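Fold and geometry: a report
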Amino acid sequence: LSTIPYLYNKGIMNRRMDPSAFFQMHHNRRAEWLQEEKVGNFSYLSIYVPIRSESEETFAYLNIPYLNSQRELNEEISNFLVTLINLNAFIFLLAGAIAFFLANKITSSFSIITAKMREVNLGRVNEEIVWKNRDEIGALVNEYNTMVQKLEASASALAKSEREGAWREMARQVAHEIKNPLTPMKLSIQHLQRAIDSGAPNVKDLSERMAATLIEQIDQLAKIAADFSQFANIGNIRPEQVDVVQVLNSLIGLYSSDPKLQIHFSATAVNTVIYADKTQVNRLFTNLIKNAIEASQQNDPVNIYISVRSAQDGVLIAIRDEGSGIPSDMREKIFSPNFTTKSSGTGLGLAICKAIVEKANGQVWFETSEQSGTTFFLSFPTHKS
(Lines give C-alpha, C1' and ligand atoms only; values in the text may rest on other atoms or scores of the structure.)
Protein backbone atom coordinates (compact mmCIF):
# COMPACT_ATOMS: atom_id res chain seq x y z
CA LEU A 1 0.00 0.00 0.00
CA SER A 2 1.14 3.55 -0.72
CA THR A 3 -0.09 7.06 -0.22
CA ILE A 4 1.30 7.92 -3.66
CA PRO A 5 0.46 4.78 -5.72
CA TYR A 6 1.17 6.37 -9.14
CA LEU A 7 4.93 6.18 -8.41
CA TYR A 8 4.55 2.40 -8.33
CA ASN A 9 1.87 2.08 -10.97
CA LYS A 10 4.06 3.96 -13.46
CA GLY A 11 7.03 1.79 -12.56
CA ILE A 12 9.06 4.71 -11.25
CA MET A 13 9.71 2.95 -7.96
CA ASN A 14 9.96 -0.78 -7.24
CA ARG A 15 7.06 -2.41 -5.49
CA ARG A 16 9.46 -4.60 -3.57
CA MET A 17 11.31 -3.51 -0.49
CA ASP A 18 14.99 -2.68 -0.84
CA PRO A 19 16.97 -5.87 0.07
CA SER A 20 19.45 -4.14 2.35
CA ALA A 21 16.66 -2.43 4.24
CA PHE A 22 14.77 -5.74 4.55
CA PHE A 23 17.92 -7.38 5.88
CA GLN A 24 18.44 -4.69 8.51
CA MET A 25 14.81 -4.68 9.62
CA HIS A 26 14.01 -8.42 9.47
CA HIS A 27 17.28 -10.08 10.39
CA ASN A 28 19.00 -7.40 12.45
CA ARG A 29 15.67 -6.30 13.95
CA ARG A 30 16.38 -2.59 13.69
CA ALA A 31 13.91 -0.26 15.34
CA GLU A 32 14.37 2.09 12.35
CA TRP A 33 16.64 2.28 9.36
CA LEU A 34 17.67 5.27 7.24
CA GLN A 35 19.48 4.86 3.93
CA GLU A 36 20.05 6.55 0.62
CA GLU A 37 18.30 5.03 -2.42
CA LYS A 38 18.36 5.84 -6.14
CA VAL A 39 15.97 5.94 -9.06
CA GLY A 40 18.25 6.22 -12.06
CA ASN A 41 20.54 9.18 -11.28
CA PHE A 42 18.12 10.65 -8.70
CA SER A 43 19.13 10.03 -5.07
CA TYR A 44 16.78 10.33 -2.15
CA LEU A 45 16.60 9.40 1.52
CA SER A 46 14.36 6.59 2.66
CA ILE A 47 13.48 5.58 6.23
CA TYR A 48 12.00 2.26 7.39
CA VAL A 49 10.23 1.40 10.65
CA PRO A 50 8.44 -1.82 11.70
CA ILE A 51 4.68 -1.97 12.31
CA ARG A 52 3.77 -4.24 15.18
CA SER A 53 0.54 -5.75 16.43
CA GLU A 54 -0.75 -5.64 19.98
CA SER A 55 1.22 -8.83 20.65
CA GLU A 56 4.41 -7.07 19.54
CA GLU A 57 4.57 -9.19 16.35
CA THR A 58 5.94 -7.42 13.27
CA PHE A 59 3.55 -7.83 10.35
CA ALA A 60 4.67 -5.01 8.02
CA TYR A 61 7.28 -2.32 7.38
CA LEU A 62 6.55 1.33 6.81
CA ASN A 63 8.77 3.10 4.28
CA ILE A 64 8.79 6.87 3.94
CA PRO A 65 10.86 8.16 1.01
CA TYR A 66 12.01 11.79 1.05
CA LEU A 67 11.91 12.56 -2.65
CA ASN A 68 13.22 16.14 -2.53
CA SER A 69 16.77 16.80 -3.66
CA GLN A 70 19.70 17.22 -1.27
CA ARG A 71 19.84 20.92 -2.09
CA GLU A 72 16.20 21.32 -1.17
CA LEU A 73 16.82 19.32 1.97
CA ASN A 74 19.73 21.54 2.92
CA GLU A 75 17.62 24.61 2.24
CA GLU A 76 14.83 23.31 4.42
CA ILE A 77 17.32 22.49 7.18
CA SER A 78 18.87 25.97 6.79
CA ASN A 79 15.45 27.61 6.87
CA PHE A 80 14.57 25.59 9.94
CA LEU A 81 17.81 26.60 11.66
CA VAL A 82 17.33 30.26 10.71
CA THR A 83 13.79 30.12 12.06
CA LEU A 84 15.04 28.44 15.21
CA ILE A 85 17.79 31.05 15.64
CA ASN A 86 15.35 33.91 15.02
CA LEU A 87 12.95 32.42 17.51
CA ASN A 88 15.71 32.04 20.09
CA ALA A 89 16.90 35.60 19.41
CA PHE A 90 13.36 36.91 19.80
CA ILE A 91 12.93 34.96 23.04
CA PHE A 92 16.33 36.26 24.25
CA LEU A 93 15.44 39.88 23.41
CA LEU A 94 12.02 39.50 25.00
CA ALA A 95 13.56 37.99 28.13
CA GLY A 96 16.19 40.77 28.16
CA ALA A 97 13.50 43.45 27.87
CA ILE A 98 11.48 41.87 30.67
CA ALA A 99 14.62 41.53 32.82
CA PHE A 100 15.58 45.16 32.08
CA PHE A 101 12.09 46.36 33.02
CA LEU A 102 12.06 44.33 36.23
CA ALA A 103 15.63 45.40 37.11
CA ASN A 104 14.75 49.06 36.56
CA LYS A 105 11.68 48.70 38.70
CA ILE A 106 13.69 47.07 41.49
CA THR A 107 16.67 49.44 41.23
CA SER A 108 14.40 52.50 41.16
CA SER A 109 12.89 51.30 44.41
CA PHE A 110 16.34 50.82 45.89
CA SER A 111 17.36 54.26 44.59
CA ILE A 112 14.52 55.82 46.58
CA ILE A 113 15.60 53.94 49.70
CA THR A 114 19.27 54.84 49.10
CA ALA A 115 18.45 58.53 48.66
CA LYS A 116 16.42 58.53 51.86
CA MET A 117 19.19 56.75 53.75
CA ARG A 118 21.72 59.28 52.44
CA GLU A 119 19.58 62.10 53.82
CA VAL A 120 19.37 60.57 57.31
CA ASN A 121 20.87 63.02 59.78
CA LEU A 122 20.64 63.54 63.51
CA GLY A 123 20.20 67.28 63.09
CA ARG A 124 17.02 67.20 60.99
CA VAL A 125 13.62 65.56 60.73
CA ASN A 126 13.98 62.29 58.79
CA GLU A 127 10.99 61.36 56.62
CA GLU A 128 9.63 57.83 56.48
CA ILE A 129 9.14 56.03 53.14
CA VAL A 130 5.58 55.23 52.02
CA TRP A 131 5.45 51.79 50.36
CA LYS A 132 2.08 50.11 49.82
CA ASN A 133 3.22 46.78 48.29
CA ARG A 134 3.68 43.82 50.62
CA ASP A 135 6.86 42.45 49.04
CA GLU A 136 10.55 42.06 49.92
CA ILE A 137 11.18 45.76 49.30
CA GLY A 138 8.22 46.56 51.53
CA ALA A 139 9.88 44.58 54.32
CA LEU A 140 13.08 46.56 53.78
CA VAL A 141 11.13 49.84 53.83
CA ASN A 142 9.42 48.83 57.07
CA GLU A 143 12.83 48.16 58.62
CA TYR A 144 14.04 51.58 57.40
CA ASN A 145 10.97 53.32 58.87
CA THR A 146 11.51 51.50 62.16
CA MET A 147 15.15 52.60 62.13
CA VAL A 148 14.09 56.23 61.48
CA GLN A 149 11.69 56.12 64.41
CA LYS A 150 14.37 54.70 66.70
CA LEU A 151 16.86 57.27 65.39
CA GLU A 152 14.47 60.12 66.19
CA ALA A 153 13.99 58.78 69.69
CA SER A 154 17.74 58.34 70.15
CA ALA A 155 18.44 61.83 68.79
CA SER A 156 15.94 63.36 71.19
CA ALA A 157 17.44 61.46 74.11
CA LEU A 158 20.96 62.39 73.03
CA ALA A 159 20.08 66.08 72.64
CA LYS A 160 18.46 66.07 76.06
CA SER A 161 21.49 64.32 77.57
CA GLU A 162 23.88 66.78 75.89
CA ARG A 163 21.89 69.77 77.13
CA GLU A 164 21.80 68.39 80.65
CA GLY A 165 25.51 67.57 80.46
CA ALA A 166 26.34 71.05 79.20
CA TRP A 167 24.31 72.66 81.98
CA ARG A 168 25.96 70.41 84.57
CA GLU A 169 29.43 71.24 83.25
CA MET A 170 28.63 74.96 83.12
CA ALA A 171 27.20 74.88 86.65
CA ARG A 172 30.28 73.01 87.89
CA GLN A 173 32.60 75.51 86.24
CA VAL A 174 30.66 78.54 87.52
CA ALA A 175 30.58 77.10 91.05
CA HIS A 176 34.30 76.39 90.91
CA GLU A 177 35.22 79.85 89.64
CA ILE A 178 32.96 81.64 92.13
CA LYS A 179 34.25 79.55 95.02
CA ASN A 180 37.87 80.64 94.43
CA PRO A 181 37.30 84.39 95.23
CA LEU A 182 34.83 83.62 97.99
CA THR A 183 37.40 81.72 100.05
CA PRO A 184 39.83 84.67 100.63
CA MET A 185 36.85 86.98 101.15
CA LYS A 186 35.50 84.72 103.89
CA LEU A 187 38.91 84.33 105.52
CA SER A 188 39.49 88.13 105.49
CA ILE A 189 36.11 88.84 107.10
CA GLN A 190 36.69 86.15 109.75
CA HIS A 191 40.13 87.58 110.51
CA LEU A 192 38.69 91.09 110.87
CA GLN A 193 35.88 89.77 113.05
CA ARG A 194 38.36 88.09 115.42
CA ALA A 195 40.42 91.30 115.55
CA ILE A 196 37.33 93.33 116.48
CA ASP A 197 36.28 90.80 119.12
CA SER A 198 39.74 90.78 120.70
CA GLY A 199 39.99 94.59 120.64
CA ALA A 200 43.11 94.62 118.46
CA PRO A 201 44.57 98.12 118.06
CA ASN A 202 45.18 97.75 114.27
CA VAL A 203 41.55 97.21 113.33
CA LYS A 204 41.58 100.21 111.04
CA ASP A 205 44.59 98.94 109.08
CA LEU A 206 43.03 95.49 108.89
CA SER A 207 39.80 97.02 107.61
CA GLU A 208 41.62 98.89 104.86
CA ARG A 209 43.57 95.78 103.79
CA MET A 210 40.42 93.68 103.90
CA ALA A 211 38.54 96.26 101.84
CA ALA A 212 41.28 96.13 99.20
CA THR A 213 41.15 92.31 99.19
CA LEU A 214 37.36 92.32 98.91
CA ILE A 215 37.44 94.82 96.03
CA GLU A 216 40.05 92.69 94.23
CA GLN A 217 38.02 89.52 94.66
CA ILE A 218 34.79 91.29 93.66
CA ASP A 219 36.54 92.44 90.50
CA GLN A 220 37.55 88.85 89.91
CA LEU A 221 33.91 87.75 90.34
CA ALA A 222 32.81 90.47 87.93
CA LYS A 223 35.37 89.23 85.39
CA ILE A 224 34.13 85.65 85.78
CA ALA A 225 30.55 86.78 85.25
CA ALA A 226 31.62 88.82 82.20
CA ASP A 227 33.48 85.84 80.68
CA PHE A 228 30.51 83.51 81.05
CA SER A 229 28.16 86.21 79.78
CA GLN A 230 30.34 86.73 76.69
CA PHE A 231 30.50 83.00 76.01
CA ALA A 232 26.72 82.63 76.41
CA ASN A 233 25.95 85.59 74.11
CA ILE A 234 28.60 84.86 71.49
CA GLY A 235 25.89 84.08 68.92
CA ASN A 236 24.17 87.47 69.31
CA ILE A 237 26.04 89.56 66.79
CA ARG A 238 25.39 92.83 64.98
CA PRO A 239 27.67 92.72 61.95
CA GLU A 240 28.93 95.91 60.38
CA GLN A 241 31.95 97.20 58.49
CA VAL A 242 34.95 97.15 60.83
CA ASP A 243 38.45 98.40 60.02
CA VAL A 244 40.80 96.08 61.93
CA VAL A 245 43.68 98.57 61.70
CA GLN A 246 41.61 101.25 63.46
CA VAL A 247 40.60 98.78 66.19
CA LEU A 248 44.20 97.69 66.72
CA ASN A 249 45.50 101.28 66.78
CA SER A 250 42.91 102.14 69.42
CA LEU A 251 43.93 99.18 71.61
CA ILE A 252 47.65 99.85 71.16
CA GLY A 253 47.04 103.42 72.31
CA LEU A 254 45.62 102.10 75.60
CA TYR A 255 48.85 100.20 76.32
CA SER A 256 51.21 102.98 75.22
CA SER A 257 51.43 104.43 78.74
CA ASP A 258 53.10 101.26 80.08
CA PRO A 259 56.90 101.80 79.88
CA LYS A 260 57.59 98.07 80.27
CA LEU A 261 55.51 97.20 77.22
CA GLN A 262 56.57 97.69 73.59
CA ILE A 263 54.00 96.85 70.90
CA HIS A 264 55.53 96.78 67.40
CA PHE A 265 52.77 97.29 64.83
CA SER A 266 52.96 97.14 61.04
CA ALA A 267 50.13 97.24 58.48
CA THR A 268 50.78 96.60 54.77
CA ALA A 269 47.32 95.39 53.71
CA VAL A 270 45.40 97.56 51.23
CA ASN A 271 41.89 96.60 52.34
CA THR A 272 41.51 95.99 56.08
CA VAL A 273 37.72 96.28 56.36
CA ILE A 274 35.86 93.14 57.46
CA TYR A 275 32.17 92.48 58.11
CA ALA A 276 31.76 91.53 61.77
CA ASP A 277 30.48 92.66 65.18
CA LYS A 278 32.73 95.56 66.19
CA THR A 279 32.35 94.93 69.92
CA GLN A 280 33.32 91.30 69.53
CA VAL A 281 36.28 92.14 67.27
CA ASN A 282 37.50 94.59 69.95
CA ARG A 283 37.11 91.87 72.57
CA LEU A 284 38.95 89.41 70.31
CA PHE A 285 42.05 91.56 69.91
CA THR A 286 41.95 92.58 73.59
CA ASN A 287 42.03 88.93 74.70
CA LEU A 288 44.85 88.00 72.32
CA ILE A 289 47.01 91.02 73.21
CA LYS A 290 46.41 90.42 76.91
CA ASN A 291 47.37 86.74 76.53
CA ALA A 292 50.53 87.76 74.64
CA ILE A 293 51.48 90.19 77.42
CA GLU A 294 50.87 87.59 80.14
CA ALA A 295 52.92 85.01 78.20
CA SER A 296 55.89 87.42 78.06
CA GLN A 297 55.77 88.79 81.61
CA GLN A 298 59.18 87.36 82.45
CA ASN A 299 60.77 89.68 79.86
CA ASP A 300 61.74 93.28 80.50
CA PRO A 301 60.62 95.05 78.41
CA VAL A 302 57.73 92.95 77.07
CA ASN A 303 57.73 92.98 73.25
CA ILE A 304 54.58 92.21 71.28
CA TYR A 305 54.60 92.12 67.48
CA ILE A 306 51.39 92.74 65.53
CA SER A 307 51.19 92.73 61.71
CA VAL A 308 48.34 93.18 59.25
CA ARG A 309 48.94 92.07 55.68
CA SER A 310 46.92 91.10 52.64
CA ALA A 311 46.01 87.45 52.04
CA GLN A 312 44.08 85.66 49.33
CA ASP A 313 40.65 87.36 49.21
CA GLY A 314 41.14 88.70 52.72
CA VAL A 315 43.36 90.08 55.44
CA LEU A 316 45.76 88.22 57.75
CA ILE A 317 46.54 89.46 61.27
CA ALA A 318 49.44 87.99 63.26
CA ILE A 319 50.01 88.61 67.00
CA ARG A 320 53.35 87.28 68.27
CA ASP A 321 54.84 87.17 71.76
CA GLU A 322 58.28 86.24 73.08
CA GLY A 323 57.06 83.91 75.78
CA SER A 324 57.96 80.31 76.54
CA GLY A 325 55.49 78.89 74.01
CA ILE A 326 52.65 76.42 74.46
CA PRO A 327 53.63 72.91 75.67
CA SER A 328 53.03 70.16 73.11
CA ASP A 329 50.55 68.29 75.34
CA MET A 330 48.31 71.39 75.58
CA ARG A 331 48.23 72.48 71.93
CA GLU A 332 45.22 70.38 70.87
CA LYS A 333 43.09 71.70 73.77
CA ILE A 334 44.06 75.36 73.54
CA PHE A 335 40.72 76.45 71.99
CA SER A 336 38.57 74.16 74.18
CA PRO A 337 36.18 75.80 76.67
CA ASN A 338 37.19 75.57 80.35
CA PHE A 339 40.81 74.85 79.40
CA THR A 340 43.50 77.20 80.67
CA THR A 341 47.23 77.13 81.28
CA LYS A 342 46.93 79.70 84.08
CA SER A 343 46.43 79.09 87.77
CA SER A 344 43.26 81.22 87.68
CA GLY A 345 40.68 82.13 85.11
CA THR A 346 37.67 80.55 83.46
CA GLY A 347 39.48 79.11 80.44
CA LEU A 348 36.98 80.72 78.08
CA GLY A 349 39.24 83.39 76.59
CA LEU A 350 40.57 81.51 73.54
CA ALA A 351 37.29 79.63 73.13
CA ILE A 352 35.54 83.00 72.88
CA CYS A 353 38.20 84.20 70.40
CA LYS A 354 37.67 81.16 68.18
CA ALA A 355 33.89 81.60 68.26
CA ILE A 356 34.16 85.31 67.37
CA VAL A 357 36.44 84.55 64.41
CA GLU A 358 34.15 81.82 63.09
CA LYS A 359 31.09 84.07 63.40
CA ALA A 360 32.91 86.52 61.10
CA ASN A 361 33.58 83.67 58.59
CA GLY A 362 37.27 83.71 59.49
CA GLN A 363 39.87 81.24 60.69
CA VAL A 364 42.23 81.22 63.66
CA TRP A 365 45.33 79.10 64.25
CA PHE A 366 48.69 79.40 65.96
CA GLU A 367 52.34 78.51 65.61
CA THR A 368 54.38 78.02 68.75
CA SER A 369 57.89 77.17 69.86
CA GLU A 370 59.13 76.71 73.40
CA GLN A 371 62.16 78.87 72.53
CA SER A 372 60.74 81.72 70.44
CA GLY A 373 57.15 82.15 71.70
CA THR A 374 53.72 81.87 70.08
CA THR A 375 52.09 83.57 67.10
CA PHE A 376 48.30 83.63 66.69
CA PHE A 377 47.05 84.09 63.11
CA LEU A 378 43.62 85.48 62.23
CA SER A 379 42.30 85.33 58.68
CA PHE A 380 39.17 87.25 57.64
CA PRO A 381 37.48 87.80 54.29
CA THR A 382 37.57 91.51 53.47
CA HIS A 383 34.39 93.46 52.89
CA LYS A 384 34.08 95.15 49.50
CA SER A 385 31.86 98.19 49.62
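My aim in this report is to walk through the structure given alongside it, one point at a time. All values derive from a computational prediction rather than experimental measurement. (Residues numbered from 1 in each chain as written. Predicted model: local features only at pLDDT ≥ 70, side-chain atom pairs only at ≥ 80, totals over all residues. Heavy atoms only, no water.)

The strand order across the open sheet built from 3 strands is β1-β2-β3, with neighbouring strands paired in antiparallel fashion. Taken across any chain shown, the strands that pair with only one partner, and hence form the sheet edges, are β1 (33-39) and β3 (58-66). Along the sheet, successive strands turn relative to each other by an average axial angle of 35°, direction set aside. The pairing of strand β2 (residues 42-52) with β3 spans 8 bridges and is antiparallel. In the strand pairing of β3, serine 46 is matched with proline 65. (Pairing = 2+ DSSP bridges. Helix = DSSP H or I, 4+ residues; strand = E, 2+ residues; numbered from the N terminus. Axes fitted to C-alpha atoms, helices over the stretch in contact; angles between N-to-C directions.)

Now for the packing of aromatic side chains. A ring pair, where both rings are aromatic, is described by two values, the distance of the centres and the angle of the planes. Using the criterion set out here, one finds 3 aromatic pairs in the structure. Taking 5.6 Å as the distance between ring centres and 15° as the angle between the ring planes, the aromatic pair formed by tryptophan 365 and phenylalanine 377 counts as stacked. With tryptophan 365 in strand β9 (residues 363-369) and phenylalanine 377 in strand β10 (residues 373-381), the pair connects residues that are 12 residues apart, well separated along the chain. Under the relative-accessibility criterion, tryptophan 365 is labelled partly exposed at 32%. Among the residues examined, phenylalanine 377 registers a relative accessible area of 11% and is labelled buried. Ring geometry for phenylalanine 366 against phenylalanine 376: centres 5.7 Å apart, planes inclined by 40°, an arrangement best described as tilted. Placement of phenylalanine 366 in strand β9 and of phenylalanine 376 in strand β10 is noted, with a sequence separation of 10 residues between them. A relative accessible area of 18% means that phenylalanine 366 is categorised as buried. Judged by relative accessible area, phenylalanine 376 falls into the buried class, the value being 10%. The side chain of arginine 320 reaches across the aromatic face of tyrosine 305, ending 4.2 Å from its centre. (Phe/Tyr/Trp six-rings, centres within 6.5 Å; stacked < 30°, edge-to-face > 60°. Buried < 20%, exposed > 50% of the residue type's maximum accessible area, 1.4 Å probe, protein only. Lys NZ or Arg CZ within 6 Å of the ring centre and 35° of its normal.)

In terms of nonpolar packing, the biggest core is built from 40 residues, with Leu284, Phe285, Ile304, Ile317, Leu378 and Phe380 touching the most fellow members. With 7 residues, the single largest contributor to this core is helix α7 (residues 278-295). Discounting residues that sit within four places of it in the chain, leucine 284 has contacts with Cys353, Ile356, Val357, Leu378 and Phe380. (Core = buried A, V, L, I, M, F, W, Y, C linked by side-chain atoms within 4.5 Å. Contact = heavy atoms within 4.5 Å.)

Glancing now at the packing of helix α6 (residues 244-255) against α7. Running from N to C, α6 and α7 cross one another at 45°; their axes reach a closest spacing of 10 Å. Classified by the interaxial angle, the pair formed by α6 and α7 is oblique. The two elements α6 and α7 meet at a crossing, and its hand is right-handed. Here Val244, Val247, Leu248, Leu251 and Tyr255 of α6 come into contact with α7, specifically with Val281, Asn282, Phe285, Thr286, Ile289, Lys290 and Ile293. Residue composition of the contact of α6 with α7, by class: 9 nonpolar, 2 polar and 1 charged. (Parallel < 35°, antiparallel > 145°, perpendicular 65-115°, else oblique. Left-handed = near helix turned anticlockwise from the far one by under 90°. Nonpolar A, V, L, I, M, F, W, Y, C, P; charged D, E, K, R; others polar.)

Within the chain, glutamate 56 stands out as a residue other than glycine whose phi angle is a positive 65°. Along the polypeptide, glutamate 56 turns up in the loop between β2 and β3. The class for glutamate 56 is exposed, based on a relative accessible area of 59%. One non-glycine residue, asparagine 361, adopts positive backbone phi at about 65°. Assignment of secondary structure puts asparagine 361 in the loop between α8 (349-359) and β9. By relative accessible area, which is 63% here, asparagine 361 ends up exposed.

Everything listed here is a matter of geometry and, on its own, says nothing about what the molecule does.
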